[in-house]
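Residues per chain, in single letters:
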Amino acid sequence: MHSVLPLNGSSTDVLAIANTPVLWICALGVFGVVVVQSLIYMRAARRVAPAVGMTPDELRVSFRSGAVAAIGPSLAVVLVAIALLALFGTPAVLVRIGLIGSAAYETGAANVAAATVGAELGGAMWMLATLVFTPLLKRGGHRLATVNPLVMTIVPASALLAAFISLGLAEAPKSTAHALTLLAAAAAMGACLLLARILHRPWLREWGLGIAIVAGLLAAYTAHTAGLGPA
């Protein structure tokens, strides 16, 4: 692709500067922040595990389960990243996939939140919000724990369950393929939990999310091939 030169003589070819050393340094900085955050989280989890009754073996299982559960969503991110490389260059794409979270969900949610106060969404707000609100939520969690420790067990689990159920149910009415995908993934997850209990195979719980994602992908592909997708 040749650069297009406007009247002022500067290039409008985005890819001409998309892979400059400065952007590579910024991308590596983002990955460095994520690595440091992960190490801090793992260290904190090990420190507080005895206080909540978690044994070292249970902690290792939880870390392993999280790693396995991240495989499915990470594959989707990688596929999107490959498609974007030719458009935005490698550093910019690496910066986005280096940040934790769903690009589609967070961008939409952040746009709605910014629009309510008449502001425009900025690029750094996701990380700034995390830095600002994490200590506030931590203090609130400590206060709730002192009032009733059971609350801090029920509320986070209920909030996560409600959030993911609402997101799943919002997708189901879009087409028959969406509904079948949701049902297939839910059935696969339920089967893994049931078999783990009956067969005494804890690894089925650890791999349950990954298996459910694969089942959902197969159901989506089958339904789409059969013409049951959105019109």
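Right above here is the structure, for reference.
This text gives an overview of the structure that appears in the document. Worth saying up front: this structure is predicted, and the values here are computed from it rather than measured.

1. Details of the overall build of the protein
Looking only at helices and strands, one finds 10 helices and zero strands in the protein. Listing the helices and strands of the protein from first to last along the sequence gives α-α-α-α-α-α-α-α-α-α. Looking at the protein as a whole, 16% of its 231 residues qualify as buried. Counting only contacts in the protein whose residues sit at least 6 apart along the sequence, the fraction spanning at least 24 positions is 52%. If you sum the accessible surface of the protein, you get close to 16,700 Å²; carbon and sulfur atoms cover 75% of it.

2. Details of a nonpolar patch on the surface
A cluster of nonpolar residues, Leu-161, Ile-165, Leu-169 and Leu-182, forms a patch on the protein surface that exposes about 360 Å² of accessible area. The element best represented in the nonpolar patch is helix α7 (residues 151–171), accounting for three residues. Position of Leu-161 among the secondary structure elements: in helix α7.

3. Regarding the pattern of salt bridges
Inspection of every chain in the model, using the stated rule, returns two salt bridges. Among the salt bridges present, the one from Arg-60 reaches Asp-57, with a minimum N-O distance of 2.0 Å. With a gap of three residues between them, Arg-60 and Asp-57 both fall in helix α2 (residues 56–69), about one helical turn apart. The partner of Glu-171 in a salt bridge is Lys-174, with the nearest N and O atoms 3.0 Å apart. The exposure class of Glu-171 is partly exposed, given its relative accessible area of 35%.

4. Remarks on the packing of helix α8 (residues 176–199) against helix α10 (residues 208–225)
Viewed as axis vectors pointing N to C, α8 and α10 meet at an angle of 150 degrees, and their least axial separation amounts to 8 Å. In terms of their interaxial angle, α8 and α10 are classed as roughly antiparallel. Between α8 and α10 the crossing geometry is right-handed. Side by side, α8 and α10 meet where Ala-177, Leu-180, Thr-181, Ala-184, Ala-185, Ala-188, Met-189 and Cys-192 of the first sit next to Gly-208, Leu-209, Ile-211, Ala-212, Ala-215, Gly-216, Ala-219, Ala-220 and Ala-223 of the second. For the contact of α8 with α10, the per-class residue count stands at 14 nonpolar, three polar and no charged.

5. A closer look at the environment of Arg-64
As for its position among the elements, Arg-64 is in helix α2. A relative accessible area of 43% means that Arg-64 is categorised as partly exposed. The spatial distance from the C-alpha of Arg-64 to the C-alpha of Trp-203 is 9.9 Å, given a sequence separation of 139 residues.

Rules of the game
- Residues numbered from 1 in each chain as written.
- Predicted model: local features only at pLDDT ≥ 70, side-chain atom pairs only at ≥ 80, totals over all residues.
- Heavy atoms only, no water.
- Helix = DSSP H or I, 4+ residues; strand = E, 2+ residues; numbered from the N terminus.
- Buried < 20%, exposed > 50% of the residue type's maximum accessible area, 1.4 Å probe, protein only.
- Contact = heavy atoms within 4.5 Å.
- Areas by Shrake-Rupley, 256 points an atom, 1.4 Å probe, with all protein chains shown as cover.
- Patch = residues over 30% accessible without salt bridge, like charges linked within 9 Å, V, L, I, M, F, W, Y side chains within 5 Å.
- Salt bridge = Lys/Arg side-chain N within 4 Å of Asp/Glu carboxyl O.
- Axes fitted to C-alpha atoms, helices over the stretch in contact; angles between N-to-C directions.
- Parallel < 35°, antiparallel > 145°, perpendicular 65-115°, else oblique.
- Left-handed = near helix turned anticlockwise from the far one by under 90°.
- Nonpolar A, V, L, I, M, F, W, Y, C, P; charged D, E, K, R; others polar.

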